[in-house]
Amino acid sequence: MQNINYVLENSVAYVTLNRPSAMNALNFQLLCELEQVLEDIRIDSSIRAVVFRGNGEKAFSAGADLKERKTLTEAQVRRNVNKIGEVFILIDHLPQPTIAAINGIALGGGMELALACDFRVASESAILGLTETGLGIIPGAGGTQRLPRLIGESKALELILTAKRMTAQEALDYGVVTQITSADQLDNKVDTLLQSLLANAPIAIQQAKFSIKQGMNTDLHTGLAIERKAYEITLPTEDRIEALKAFAEKRKPIFKGK
């Protein structure tokens, strides 16, 4: 692959957008490669967490590749918009917890990619925003739906309608990112979060994520039923028994994802 670097280390999938000369802009080829990687990750039960990064020091992703867009027909633009939306749904639906490590600019589709992740950890130098209205369009890859669900309708309206570019601190204040840190500590901050996730039972982690994600899109009564079903899946697992033994023996459990 030319546009995506994919590495699996210690049960963690690292997916890096690899177009640093183009600020990791999302052209059609990159989206197709990313889609292929996501399909592989989704079905790999050995993967316990996923980290998305941008190659280089300047950008996580500047969003859609506007230079490419200028050369496309209207039908091809529609194809690209559909593809980016489909790919971000795949990220949103991954069973493993996902982290966006935002090392620089995350604008438009770049921020929408981050919004499709469960956690967003940003460098203090990062700039984030859904800036599409300034280009005569709207966020079309989930931004108008995921952002208000994350931070509330009024704040989302403010950010999208003004096409505001946020500093990392502003993004933290709005609730868009979960943590910020210095640029040289970004990888360490992400690793600390990863270790907190990997310390827990993989099946329980996935079922908790499923329960939250599905429950947020329905009423409380239905959400509670989803939670009960997800809980029941954890009951026959070896990891649950191991946790009980470890508690009795006053040691840390050794989870195997079984």
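### A word on the overall build of the chain
Summing up its helical and strand segments, the chain has 11 helices and 10 strands in all. The C-alpha atoms of the chain give 19 Å as radius of gyration, which agrees with the globular expectation for 258 residues (18 Å, within 12%). A sequence separation of at least 24 residues applies to 66% of the contacts in the chain between residues at least 6 apart. Counting every atom, the chain has about 13,600 Å² of accessible surface; 54% of that belongs to carbon and sulfur.

### Here's the deal with the side chain of N27
Looking at where N27 falls in the secondary structure, it is placed in the loop between β2 (12–17) and α1 (28–42). Judged by its relative accessible area of 10%, N27 is buried. A distance of 2.8 Å separates a polar atom in the side chain of N27 from the backbone nitrogen of L30. Setting aside residues no more than four positions away along its own chain, N27 makes contact with N3, R19, D65 and E68.

### Some thoughts on the packing of aromatic side chains
Across all of its chains, the model carries zero aromatic pairs by this definition. The positively charged end of R79 is found above the aromatic ring belonging to F28, 3.7 Å away from the centroid.

### Comments concerning the sheet that holds strand β10 (residues 179–181)
Spatial strand order, β1-β2-β3-β5-β7-β10: six strands in an open sheet with mixed pairing. Two strands lie at the open edges of the sheet, namely β1 (4–9) and β10, each paired on one side alone. Strand-to-strand twist across the sheet, computed as the mean angle between neighbouring axes with direction ignored, equals 20 degrees. Where strand β5 (residues 98–102) lies against strand β7 (residues 119–123), four bridges are found, and the strand directions are parallel. If you follow A100 over to β7, its bridge partner there is R120. Of the strands in this sheet, β1, β2 and β3 (49–54) are in contact with α1, which crosses β1 at around 20 degrees.

### Quick notes on a nonpolar patch on the surface
Taken together, the side chains of L66, L135 and I137 make up a nonpolar region of the molecular surface, amounting to roughly 280 Å² of accessible area. When you line up the elements, L66 lands in helix α2 (residues 66–69). Overall, L66 belongs to the partly exposed group, its relative accessible area being 45%.

### Here's the deal with the confidence of the model for the chain
Residue-level pLDDT values for the chain average 94, and 100% of them are 70 or greater. Here α2 is the element of the chain with the lowest mean pLDDT, 83, and β5 is the one with the highest, 98.

### Focus: the pairing of β7
Here β7 lies mainly inside the structure; four of its five residues are buried. Examined bridge by bridge, β7 and β10 share three bridges and lie parallel to one another. Its bridge partner being in β10, V121 is matched across the sheet by Q179.

### Some points on helix α11 (residues 238–248)
Listed in full, the buried residues belonging to α11 are D239, E242 and A246. Along the axis of α11, the buried residues cluster in a sector spanning 55 degrees; they form a single face. Facing away from the buried side of α11 by over 90 degrees, the exposed positions are L244, F247 and A248. Buried residues along α11 sit in contact with α9 (202–215). Of the residues flanking the end of α11, it is K250, one or two places downstream, whose phi is positive at about 55 degrees.

### Here we look at the packing of helix α5 (residues 143–151) against helix α6 (residues 153–161)
How two helices sit against one another is set out by the angle between their axes and by the gap between those axes. Two elements in contact, α5 and α6, have axes separated by 7 Å at closest approach and are oriented at 135 degrees. Classified by the angle between their axes, α5 and α6 sit oblique to one another. Crossing of α5 against α6: the hand is right-handed. Of the residues in α6, those in contact with G143, T144, L147, P148 and I151 of α5 are E153, K155, A156, L159 and I160. Each residue belonging to the contact of α5 with α6 can be placed in one class, and the counts come to six nonpolar, two polar and two charged.

### Description of the pairing of β2
With six of six residues buried, β2 lies mostly within the body of the structure. Burial of β2 is two-sided: the residues V12, Y14 and T16 facing one way and the residues A13, V15 and L17 facing the other way are all buried. By the bridge criterion, six bridges tie β1 to β2 in an arrangement that is antiparallel. Its bridge partner being in β2, L8 is matched across the sheet by A13. Where β1 hands over to β2, the hairpin turn is made up of two residues, of which N10 adopts a positive phi near 50 degrees. As judged from the six bridges shared by β2 and β3, these two strands associate in the parallel manner. The partner of T16 across the bridge, within β3, is R53. Between the parallel pair β2 and β3, the chain is carried across by α1, and the sense of this crossover is right-handed.

Rules and cut-offs
- Residues numbered from 1 in each chain as written.
- Predicted model: local features only at pLDDT ≥ 70, side-chain atom pairs only at ≥ 80, totals over all residues.
- Heavy atoms only, no water.
- Helix = DSSP H or I, 4+ residues; strand = E, 2+ residues; numbered from the N terminus.
- Rg over C-alpha atoms; globule rule 2.2 N^0.38 Å.
- Contact = heavy atoms within 4.5 Å.
- Areas by Shrake-Rupley, 256 points an atom, 1.4 Å probe, with all protein chains shown as cover.
- Buried < 20%, exposed > 50% of the residue type's maximum accessible area, 1.4 Å probe, protein only.
- Polar contact = N/O pair within 3.5 Å; in protein donor to acceptor, adjacent residues only side chain to side chain.
- Phe/Tyr/Trp six-rings, centres within 6.5 Å; stacked < 30°, edge-to-face > 60°.
- Lys NZ or Arg CZ within 6 Å of the ring centre and 35° of its normal.
- Pairing = 2+ DSSP bridges.
- Axes fitted to C-alpha atoms, helices over the stretch in contact; angles between N-to-C directions.
- Patch = residues over 30% accessible without salt bridge, like charges linked within 9 Å, V, L, I, M, F, W, Y side chains within 5 Å.
- Salt bridge = Lys/Arg side-chain N within 4 Å of Asp/Glu carboxyl O.
- pLDDT = per-residue confidence, 0-100.
- Arc of directions from axis to C-beta.
- Parallel < 35°, antiparallel > 145°, perpendicular 65-115°, else oblique.
- Left-handed = near helix turned anticlockwise from the far one by under 90°.
- Nonpolar A, V, L, I, M, F, W, Y, C, P; charged D, E, K, R; others polar.
- Right-handed = clockwise from strand over helix to strand, strands pointing away.

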